[in-house]
Amino acid sequence: MKQRITPAQLQQLSPEQQDKLRTWWSIHQQQGDVFICLGNDFLSGKVFAWDGHNKPFKLAVPLLSVGQCIELLDPKEEAIFTMMKYIASEPQIYEVNVGGTEYYGDSMCDCLWQAVKEVALHIETKEEKVNKAREERLSYIRHCEKCFKVFSLKDYDFSGGLKCPHCGSEF
Ligand SMILES: [Zn+2]
């Protein structure tokens, strides 16, 4: 069974994604974790195991194990994804389903890695950030049925019930 991703798979990550992975690993490091260096010096491409004491090199990135992939996808161990294997297919295909989206691979490790890249190591584009902010704003906006003016529920004081700040109508 393929236990961990390969250095070539790490190279599929953008520099921003590598940084995101490094940040995650700096908090979740465990003795024995396997990592490589992606820098340009003599250490580049060499595989190491973390001794649990010394700080790994600055440009170290973990060669994620199946367990680490699962931890990235499901940090609270809520079993929030499902995995299945298409046994009739040749070669065999694995599928991970995270929140209704499917990711595929030739092994458990590879399909988990697909999901990790696109879910846990996803870098929001500018457009996605703008859309998210807009959706959040819209979710706070209410329309008064009496005076038809709009008001925001953000920072709204609900202690006296919901009242239109323009005309005072209660809802
Ligand atoms: Zn009103």
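Keep in mind the model is a prediction, meaning the values are calculated, not measured.

*Asks:* So, the overall build of the protein chain: which residues are in play, and what are the values?
*Replies:* For the protein chain, the helix and strand inventory stands at 5 helices and 8 strands. Its helices and strands taken in sequence order, the protein chain reads α-α-β-β-β-α-β-β-β-α-α-β-β from the N to the C terminus. Counting every position in the protein chain, which comprises 171 residues, the buried fraction comes to 16%.

*Asks:* Give me the sheet that holds strand β5 (residues 93–98): which residues, what numbers.
*Replies:* Taken together, the 3 strands give an open sheet; going across it, the order is β4-β5-β6, and neighbouring strands pair in antiparallel fashion. Each having just a single partner strand, β4 (81–86) and β6 (101–105) make up the two edges of the open sheet. Strand-to-strand twist of the sheet, defined as the mean angle between neighbouring strand axes without regard to direction, takes the value 25 degrees. In this structure, β5 lies alongside β6, joined through 5 bridges in antiparallel fashion. Across the sheet, the residue bridging to E95 is Y104, located in β6.

*Asks:* Quick one: what's the story with the nonpolar core, residue by residue and with numbers?
*Replies:* Counting residues in hydrophobic clusters, the biggest one holds 23 residues, and the most contacted among them are C69, V96, C111, L112, W113, A115 and V116. When residues of this core are traced back to their parent elements, those giving at least two are α2 (15–28), β1 (34–37), β3 (60–62), α3 (66–73), β5 and α4 (108–120). Among the elements that line this core, the one with the most residues is α4, at 6 residues. Ignoring any residue separated from it by four or fewer positions in sequence, one finds V116 in contact with L64, C69, L72, L73 and L121.

*Asks:* So what's going on with the packing of α3 against α4? Residues and values would help.
*Replies:* Two numbers describe how α3 lies on α4: the axes approach to 9 Å, and their chain directions differ by 30 degrees. The way α3 lies across α4 gives a crossing that is left-handed. Seen from α3, the contacting residues are V66, C69, I70, L72 and L73; seen from α4, they are M108, C109, L112, W113, A115, V116, V119 and A120. Residues of the contact of α3 with α4, tallied by class, amount to 13 nonpolar, no polar and no charged.

*Asks:* I'd like to hear about α4, residue by residue, with values.
*Replies:* The terminal C-alpha atoms of α4 lie 17 Å apart, and with 13 residues this matches the ideal 18 Å at 1.5 Å per residue to within 8%. Here α4 has its buried residues at C109, C111, L112, W113, Q114, A115, V116 and K117. Buried residues along α4 sit against α1 (7–10), α3, β5 and β6.

*Asks:* Account for the pairing of β1, naming residues and giving values.
*Replies:* Pairing analysis gives 3 bridges linking β1 to strand β2 (residues 47–49), with the strands arranged antiparallel. From the neighbouring strand, I36 faces β2, where its bridge partner is V47. As paired strands, β1 and β3 are joined by 3 bridges and run antiparallel to one another. Counted as the bridge partner of C37 is A60 from β3.

*Asks:* Any chance you could break down the sheet that holds β3 for me, citing the residues and the numbers?
*Replies:* Spatially, β2-β1-β3 is the arrangement adopted by the 3 strands of the open sheet, whose pairing is antiparallel. Looking along the sheet, the strands with just one partner apiece sit at the ends: β2 and β3. Between one strand and the next, the sheet's axes are offset by a mean angle of 40 degrees, whatever the strand orientation.

*Asks:* Explain the environment of H166 to me, using residue names and the numbers behind them.
*Replies:* By secondary structure assignment, the location of H166 is in the segment after β8 (150–152). For the pair formed by H166 and V98, sequence separation is 68 residues and the distance between their alpha carbons is 44 Å. Ignoring any residue separated from it by four or fewer positions in sequence, one finds H166 in contact with C144, C147, K149 and F151.

*Asks:* Can you tell me about unusual backbone geometry, naming the residues and giving the values?
*Replies:* With an omega of 0 degrees, the peptide bond between E90 and P91 qualifies as cis. Within the secondary structure, P91 is located in the loop between β4 and β5. Unlike most non-glycine residues, E77 shows phi in positive territory, near 50 degrees. Position of E77 relative to the elements: it lies in the loop between α3 and β4. C-beta crowding within 10 Å serves as the criterion here: with 8 such atoms nearby, E77 is assigned to the exposed category. Although it is not a glycine, A79 adopts a positive phi angle of roughly 55 degrees. With respect to the helices and strands, the residue A79 is situated in the loop between α3 and β4.

Conventions adopted
Residues numbered from 1 in each chain as written. Predicted model: local features only at pLDDT ≥ 70, side-chain atom pairs only at ≥ 80, totals over all residues. Helix = DSSP H or I, 4+ residues; strand = E, 2+ residues; numbered from the N terminus. Buried ≥ 20, exposed ≤ 12 C-beta atoms within 10 Å, placed from the backbone. Pairing = 2+ DSSP bridges. Axes fitted to C-alpha atoms, helices over the stretch in contact; angles between N-to-C directions. Core = buried A, V, L, I, M, F, W, Y, C linked by C-beta atoms within 7 Å. Contact = placed C-beta atoms within 7 Å. Left-handed = near helix turned anticlockwise from the far one by under 90°. Nonpolar A, V, L, I, M, F, W, Y, C, P; charged D, E, K, R; others polar. Expected span 1.5 Å × (residues − 1).

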